[in-house]
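# Architecture and fold: a report
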Amino acid sequence: MDVISTFFLDGGIADLVLAVMVVEAAVLIAWSRRGASTLSAASIIVALLPGLFLALALRAALVRADWFWIALALIGALLTHLIDMRMRFQPRVAASLNR
């Protein structure tokens, strides 16, 4: 098996995606705190959580984890996506988090 196949099959690609997401969150939060964005740290994290859960589901599937862990990660992605959508489309909720 070549290096790239191993990287994917061992879940390394999902680990890379998760690491990039953590760096992205840190950069966006730092940028926000410098006043370059009106987004709060909470809204940035909530926006990234669905993708994080999807990457966890991908990793679980690649390493052949039990179906329960894949389903749990997918449910987490759905719930955090719904929370994110509610925040975006209900200005009152978004305003309280952007303070």
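Everything below is about the structure shown above.
What comes next is a walk through the structure.

Analysis parameters
Residues numbered from 1 in each chain as written. Predicted model: local features only at pLDDT ≥ 70, side-chain atom pairs only at ≥ 80, totals over all residues. Heavy atoms only, no water. Salt bridge = Lys/Arg side-chain N within 4 Å of Asp/Glu carboxyl O. Helix = DSSP H or I, 4+ residues; strand = E, 2+ residues; numbered from the N terminus. Buried < 20%, exposed > 50% of the residue type's maximum accessible area, 1.4 Å probe, protein only. Contact = heavy atoms within 4.5 Å.

### So, the pattern of salt bridges
Taken as a whole and assessed by the stated rule, the structure comprises 2 salt bridges. Note that Asp15 is salt-bridged to Arg59, the shortest N-O span being 2.5 Å. You can see Asp15 sitting in helix α2 (residues 12–33) and its partner Arg59 sitting in helix α3 (residues 41–62), a full 44 residues away along the chain. Asp84 is paired through a salt bridge with Arg88; the nearest N and O atoms lie 3.0 Å apart. Taken together, the positions of Asp84 and Arg88, both in helix α4 (residues 67–89) and 4 residues apart, correspond to about one turn of that helix.

### Quick look at unusual backbone geometry
The residue Arg64 is not glycine, and still its phi comes out positive at about 60°. Relative to the helices and strands, Arg64 is located in the loop between α3 and α4. Note on Arg64: relative accessible area 74%, which makes it exposed.

### Here we look at the environment of Thr38
Looking at the element boundaries, Thr38 is found in the loop between α2 and α3. Separated by 19 residues in the primary sequence, Thr38 and Ala57 place their C-alpha atoms 31 Å from one another.

### Observations concerning the environment of Trp31
Tracing the sequence through the fold places Trp31 in helix α2. Taking relative accessible area as the criterion, Trp31 reaches 46% and is therefore assigned partly exposed. A sequence separation of 29 residues divides Trp31 from Asp2, and the C-alpha atoms of the two residues are 39 Å apart. Once you skip the residues sitting within four places of it in the chain, Trp31 turns out to touch Ala36 and Ser37.

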